Amino acid sequence: MQNGARRQRRRRPLFPRSPEPLPREDEAANEKVHLVSQPAEEHRALRGALYSVLFCASFPQPCEMNKHNVAIPSQRGSGHPDPVFPKFRIYGGLIPGVEPDLLGENIYLILFIIALRICNCFLVQTSFVPDEYWQSLEVAHHMVFNYGYLTWEWTERLRGYTYPLIFASIYKILHLLGKDSVHLLIWIPRLAQALLSAIADLRLYSLMKQLENQQVAQWVFFCQLCSWFTWYCCTRTLTNTMETVLTIIALFYYPLEGSKSMNSVKYSSLVALAFIIRPTAVIPWIPLLFRHFWQEQRKLDLILHQFLPVGFVTLSLSLIIDRIFFGQDLGSFYGSHPWHWYFSQGFPAVLGTHLPFFIHGCFLAPKRYRIFLVTVLWTLLVYSMLSHKEFRFIYPVLPFCMVFCGYSLNNLKTWKKPALSFLFLSNMLLALYTGLVHQRGTLDVMTNIQELSYNNASVSSASVLMMMPCHSTPYYSHVHYPLPMRFLQCPPDLTGKTDYLVEADMFYLNPLKWLYMEFQNDSSLPTHLIIFSVLEEEISPFLISNNYERTAVLFHTHFPESRTGSHIYVYERKLKGKLNQR
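Note on numbering: residues in each chain are counted from 1, in written sequence order. Totals for whole chains, interfaces and linings use all residues, but because this is a predicted model, local features are given only for residues with pLDDT of at least 70 and pairs of side-chain atoms are given and counted only at 80 or more. Side-chain measures were taken over the full set of non-hydrogen atoms in the model, leaving aside hydrogen atoms and water.

A few words on the overall build of the protein. We count a stretch as a helix when DSSP gives it H or I for four or more residues in a row; a strand needs E for two or more, and each element gets its number in order from the N terminus. When helices and strands are tallied, the protein shows 28 helices and seven strands. The classification of residues rests on relative accessible area computed with a 1.4 Å probe and restricted to protein chains. Under 20% of the type maximum is buried, over 50% is exposed, and intermediate values are partly exposed. Here the protein holds 582 residues, and the buried ones make up 51% of them. Long-range pairs, those at least 24 residues apart, make up 73% of the contacts in the protein between residues at least 6 apart in sequence. Computed with the Shrake-Rupley method and a 1.4 Å probe, the accessible areas treat only the protein chains shown as cover for residues. Just so you have it, the protein exposes about 27,700 Å², and 61% of that area is on carbon and sulfur atoms. By definition, residues are in contact when any of their heavy atoms lie within 4.5 Å.

Two elements, strand E5 (residues 528-532) and strand E7 (residues 567-573), share five bridges in a ladder whose sense is antiparallel. By the bridge assignment, isoleucine 531 is partnered in E7 with tyrosine 569. Taken together, the seven bridges between strand E6 (residues 548-555) and E7 define a ladder with antiparallel strand orientation. Looking at the pairing, phenylalanine 555 lines up with histidine 567 of E7. Two strands form a pair only when DSSP identifies at least two bridges running between them.

All right, on to the packing of aromatic side chains then. Stacked, tilted and edge-to-face are the three classes applied to pairs of Phe, Tyr and Trp rings, where Trp contributes its six-membered ring and a pair requires centres within 6.5 Å; stacked means planes under 30 degrees apart, edge-to-face means over 60, and tilted covers the rest. Scanning the entire structure with this criterion turns up 39 aromatic pairs. With centroids separated by 5.0 Å and ring planes inclined at 35 degrees, the aromatic side chains of phenylalanine 122 and tryptophan 187 adopt a geometry described as tilted. Note that phenylalanine 122 is positioned in helix H5 (residues 107-122) and tryptophan 187 in helix H10 (residues 182-211), a separation of 65 residues in sequence. Overall, the relative accessible area of 25% leaves tryptophan 187 in the partly exposed class. Taken together, the ring pairs connect Phe507, Tyr508, Trp514, Tyr516, Phe519, Phe542 and Tyr548 into an aromatic cluster. Lysine NZ or arginine CZ positioned within 6 Å of the ring centre and within 35 degrees of the ring normal marks a charge as sitting over the ring. The ring of phenylalanine 252 carries the charged tip of arginine 203 above its face, separated from the ring centre by 4.3 Å. The cationic tip of lysine 416 hangs over the ring face of tryptophan 219; the distance from NZ or CZ to the ring centre is 4.4 Å.

Tracing the chain through its elements places serine 127 in the loop between H5 and helix H6 (131-134). The residues touching serine 127, leaving out its near neighbours within four places in the chain, are Glu132, Tyr133, Tyr232, Arg236, Gln439, Thr442, Leu443 and Ser472.

What follows concerns helix H13 (residues 239-253). When the terminal C-alpha atoms of H13 are compared, their 21 Å separation across 15 residues agrees well with the 21 Å that a helix rising 1.5 Å per residue should span. Buried residues dominate H13, accounting for 15 of its 15 residues. For a helix, the expected span equals 1.5 Å multiplied by the number of residues minus one.

When the terminal C-alpha atoms of helix H14 (residues 264-277) are compared, their 20 Å separation across 14 residues agrees well with the 20 Å that a helix rising 1.5 Å per residue should span. Listed as buried for H14 are Tyr267, Ser268, Leu270, Val271, Ala274 and Ile277. Identification of polar contacts relies on pairs of N or O atoms within 3.5 Å, with a donor-acceptor requirement for protein atoms, meaning one able to donate a hydrogen and the other able to accept it, and with residues adjacent in sequence counted only if both atoms are side-chain atoms. Capping the start of H14, asparagine 263 holds a side-chain oxygen 3.0 Å from the backbone nitrogen of lysine 266, two or three residues further along.

Before going further, it helps to examine the state of the cysteines. Cysteine sulfur pairs qualify as disulfides if the two atoms are within 2.5 Å. Tallied over the entire structure, the rule returns one disulfide. Note that cysteine 470 is cross-linked by a disulfide to cysteine 490, the S-S spacing being 2.0 Å. Its S-S torsion of about -75 degrees marks the bond between cysteine 470 and cysteine 490 as left-handed, since a negative value means left-handed. Here cysteine 470 is found in the loop between strand E3 (464-467) and strand E4 (485-487), whereas its partner cysteine 490 is found in the loop between E4 and helix H25 (503-509), with 20 residues between them in sequence.

Further remarks concern the sheet that holds E3. Reading across from one edge, E4-E3-E5-E7-E6 is the order of the five strands in this open sheet, with mixed pairing throughout. Unpaired on one side and paired on the other, E4 and E6 mark the two borders of the sheet. Neighbouring strand axes in the sheet, compared pairwise and without regard to direction, differ in orientation by 20 degrees on average. Here an angle of 0 to 180 degrees is reported between the N-to-C directions of two axes, which are lines fitted to C-alpha atoms, with helices fitted over the stretch in contact. Sheet strands in contact with helix H27 (residues 536-545) are E3, E5, E6 and E7, and its direction is about 160 degrees off that of E5.

Should a side-chain nitrogen of Lys or Arg be within 4 Å of a carboxyl oxygen of Asp or Glu, the pair is scored as a salt bridge. Evaluation of the coordinates by the stated rule reveals 13 salt bridges. Note that arginine 440 is salt-bridged to aspartate 444, the shortest N-O span being 2.7 Å.

It is worth spelling out the environment of threonine 239 at this point. Within the secondary structure, threonine 239 is located in helix H13. For threonine 239, a relative accessible area of 11% translates into the label buried. Not counting residues up to four positions away in its chain, the partners in contact with threonine 239 are Tyr163, Ile277 and Arg278. A distance of 3.2 Å separates a polar atom in the side chain of threonine 239 from a polar atom in the side chain of arginine 278.

With that settled, consider a nonpolar patch on the surface. On the surface, Trp339, Phe343, Leu377 and Leu381 cluster together into a nonpolar patch covering about 440 Å² of accessible area. Considering the arrangement of structural elements, one finds tryptophan 339 in the loop between helix H18 (330-333) and helix H19 (341-351). Residues enter patches when they are more than 30% accessible in relative terms and free of salt bridges; like-charged ones are connected within 9 Å and nonpolar ones (Val, Leu, Ile, Met, Phe, Trp, Tyr) within 5 Å.

Attention now moves to the packing of H19 against helix H21 (residues 370-384). Between two packed helices, the angle of one axis relative to the other and the distance separating the axes together describe the packing. Packing of H19 against H21 leaves a shortest axis separation of 10 Å and a crossing angle of 115 degrees. In terms of crossing hand, the pair formed by H19 and H21 is right-handed. Here Tyr342, Phe343 and Phe347 of H19 come into contact with H21, specifically with Val376, Leu380, Leu381, Tyr383 and Ser384. Residue composition of the contact of H19 with H21, by class: seven nonpolar, one polar and no charged. Left-handed describes a crossing whose near helix is turned anticlockwise from the far helix by less than a right angle; the clockwise case is right-handed. For this classification, Asp, Glu, Lys and Arg are treated as charged, while Ala, Val, Leu, Ile, Met, Phe, Trp, Tyr, Cys and Pro are nonpolar and the rest, including Gly, are polar.

Our focus in this paragraph is the confidence of the model for the protein. The predicted model of the protein averages 80 in pLDDT, with 73% of residues at 70 or higher. One confidence number per residue, pLDDT, is output by the predictor and ranges from 0 to 100. Below pLDDT 50 for its whole length, residues 67-100 participates in 115 contacts with residues either more than four positions away or in separate chains. Across residues 321-327, where pLDDT falls below 50, the model places 13 contacts with residues more than four positions away in sequence or in other chains.

Written as structure tokens, this is what we have:
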């Protein structure tokens, strides 16, 4: 009776219970030790969890849980995948009696991933592609502050305002609060994107816990977090980044075998939103939609009330709009690649050192994950049909690949720790280099322009000409001052001319001749010139004859190209009186 009364008076556990799926019978044979299932003795959960934290934090040997949910030294050796991160397993909700606090997960895990992505945001200080500014922040800045520059896609109304509207809302709030400083205009949108990426990471982790178990979910989570390309892209204001975020969250609600969160309305709505932001977002979803359609018993309702017909129509439009509407392939205007580029270069580069683990995991993963592999291959094949190819286009399928990489790590028996060290260090070195070093000059030079705008007493007479490849730098979103600026433009020809040359190409045919023809009057000369180092020698007669003096040298890259130099030079035109004083 006393024991019964004590059980009735027991307090609610500090960490309420979170259901964990039991290991499947076919997997239990391969796993030598079962994961911890829900115990009958819930009153021991808190005590076991607290003991485990203290024990595993100080014990050098891997830990495991006994039948009373208390940590003991593992008898399986360090090669077993289960106890590699004992503390993480506890905070992730493996201990029976632990209930998620927010977004279906433990609050400590949520704070960890948010903090990680915030650090991720501030450790990416380089430029990737022009679209991260010109198709988002520049448009938002123009919407709110009514000055700036819109590229040809916006003047021809070929882009939707859904994605820029997110950042325009942020800009408007800052403006109303009187906090629209240039630094906040740069960093707040990126922090917002980092938060959304953190939510997507959590959803991928939660999905794998439902489909498999805590152990597999941890390895998929680990692969996702240490991916160099994810680190490089997930905090950038790219439509591809938002497309990836929405794809992961939609996958969380997609009807997969074993999923407890399936919701056709939610996942179809998210896919539709991804399409509105970027029409090609529907490409990875076509195999998944076909699978859903094939397994759905009420097929007619699915066709009539879900987004399958919308997906097909939008895919067709997004692939043929360049050729039919404009009469030419606008993708090839920005560069073309051979058909096999994604298989021979793009996909291996994006995966990086995850590639061998991905291949290994493809042979180990259960059959129900074949749809993920089909999605990856289908996306690569479709994008291979397009002439213009970029690494970021296949970013949305990277989380699918992490599932196979996690399976590979989960099944490694020997050389596990060296493999983990290799995977982590190789990705972090590449992530830090690309995030802090490679192609940083085009962002650093905007600081010089900001100083020119806010610290120059004669700012009203200042002007800037950027003689660089088209859209090399951000624009007014990173200056936030109506300073007269000009860059070499490169809009495609919409009239069908065969001998059409954009301004940037005309300049690089003969830079010196272009300058003398463009600035025949001294009064029209800009006060500041920004160039890559490879251009300096060729235009030096113009610089000398017009009294331009180099005032800043900024590092850009260790891998210069034909029009892109290793450094960026800032030249300022000096008045003759100032030159004589010097």
